[in-house]
Amino acid sequence: MITIGAGNTVGIYYSSSSAIAKIFNHKRDDTHKWAVTVASEGSKENINNVLNGVHDFGFAQANSLHKVSQGITPWEGVPHTNLRAVLRLYTEQLTIVAAQDANIHTLSDLRGKRINIGAPGSSSQQNGRQFIQRAGLDLKDVTIVEEPLSKSSDLLAERKIDAYLFMVGHPSMAVRDAGFAERSVRLIPLEQSIINEAVASSPDIRATSISMEYYPKIDNSEPVQTVGVPSIFFTHEEMPEETVYQIVKEVMSNLDLFRRQHPVLANLTSQQMSDVSVIPLHPGAIRYFKEVGGLK
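Residues numbered from 1 in each chain as written. Predicted model: local features only at pLDDT ≥ 70, side-chain atom pairs only at ≥ 80, totals over all residues. Heavy atoms only, no water.

## Focus on unusual backbone geometry
Convention followed: Labels follow the DSSP assignment, with helices taken as runs of H or I lasting at least four residues and strands as runs of E lasting at least two, numbered in each case from the N terminus. Only protein chains enter the area calculation, which uses a 1.4 Å probe; residues under 20% of their type maximum are buried, those over 50% are exposed, and those in between are partly exposed.
Between T73 and P74 the backbone carries a cis peptide bond, its omega angle lying at 10 degrees. Note that the residue after H170, namely P171, is joined by a cis bond; omega there is 5 degrees. Considering the arrangement of structural elements, one finds P171 in the loop between strand 7 (163-168) and helix 7 (173-179). In this structure, N103 takes a positive phi of about 60 degrees despite not being glycine. Here N103 lies in the loop between strand 4 (83-99) and strand 5 (114-116). Residue classification places N103 among the exposed residues on the basis of a relative accessible area of 52%. Even without being glycine, R159 reaches a positive phi, approximately 60 degrees.

Laid out in structure tokens, this is it:
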């Protein structure tokens, strides 16, 4: 059995992991392997679980993989260079959902508000704290709520929070559902100065925008300017080359089917999926992409 650490059960990590497992498991009679998806709190937990041998594979944001490879907080002073990329997938975008009646239009407007940034250990929590501070706020200036992000829409509708902040690929059902709640919501754009600072801080963070075509019930008329990071399907260096090769081959040989498993996967290309720089590609992935001419 091969275990894949994913995010919460309503998140895109979980959907992506399930899509990989579904396609790979079609060949279980040939590979004699069975992939299963395991729920988690996200990037940090997935990385630690793969490092500790709890799970075989995981999903994480590229900037989290950069931090662990360099020994940057929360892996301060303990760099781990034994993780390997398998596939690059969609871009996760910083998304701030706020109640329309909370009078929040910029990050600085979060002062005095109740903000859910996700459960402890999630990458969204790490990013949430960083961007609150990038807006010139002290963490004491806001009331931080640390509930699983899967509860955010309900917490907002119940007036227990004023906004929530997370990294997610779009379209996101969590964001879409928030738009259909009785309490109207809007997405909060980042100021250009904050985008510039974030992009300059890491080679994995990129300026991007959230298209509102996915969210007809949300009170934004223009694309929402923000930042994003690639999501990476990864493993450890000791994972057998043949196992990784088999997984990559099955996904890439059935790419049209894979892209149909979730809207966020719809525009993936083979070239994108082999383009990883934050950590080395696993030899099994390199072998497949060289076979099909995707790598030099």
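## Observations concerning the side chain of Q61
Our working rule: Residues are treated as being in contact if the distance between any of their heavy atoms lies within 4.5 Å.
Position of Q61 among the secondary structure elements: in strand 3 (residues 57-61). Q61 gets classed as buried once you look at its relative accessible area, which sits at 1%. Not counting residues within four places of it along the chain, the set of residues in contact with Q61 comprises Y13, S43, E92, S123, N127, M167, V229 and P230.

## Observations concerning the nonpolar core
Selection criterion: Take the buried residues of types Ala, Val, Leu, Ile, Met, Phe, Trp, Tyr and Cys, join any two whose side-chain atoms come within 4.5 Å, and each joined set is a nonpolar core.
In this structure, L87 and F258 are the most contacted members of the largest nonpolar core, which totals 93 residues. A total of 11 residues in this core trace back to one element, the largest contributor, which is strand 4.

## Some thoughts on the pairing of strand 4
Counted only if it meets this: Here, any two strands with at least 2 DSSP bridges between them count as paired.
Judged by how many residues are buried, strand 4 sits mostly within the fold: 16 of 17 residues are covered. Pairing geometry for strand 4 and strand 10 (residues 224-236), over 8 bridges, is antiparallel. Counted as the bridge partner of L83 is H236 from strand 10. Alignment of strand 4 against strand 7, held across 6 bridges, turns out to be antiparallel. The partner of T95 across the bridge, within strand 7, is F166. Here strand 4 runs beside strand 8 (residues 185-187); their pairing, made up of 3 bridges, is antiparallel. Residue V97 lies in a different strand from strand 8, and its bridge partner there is L187.

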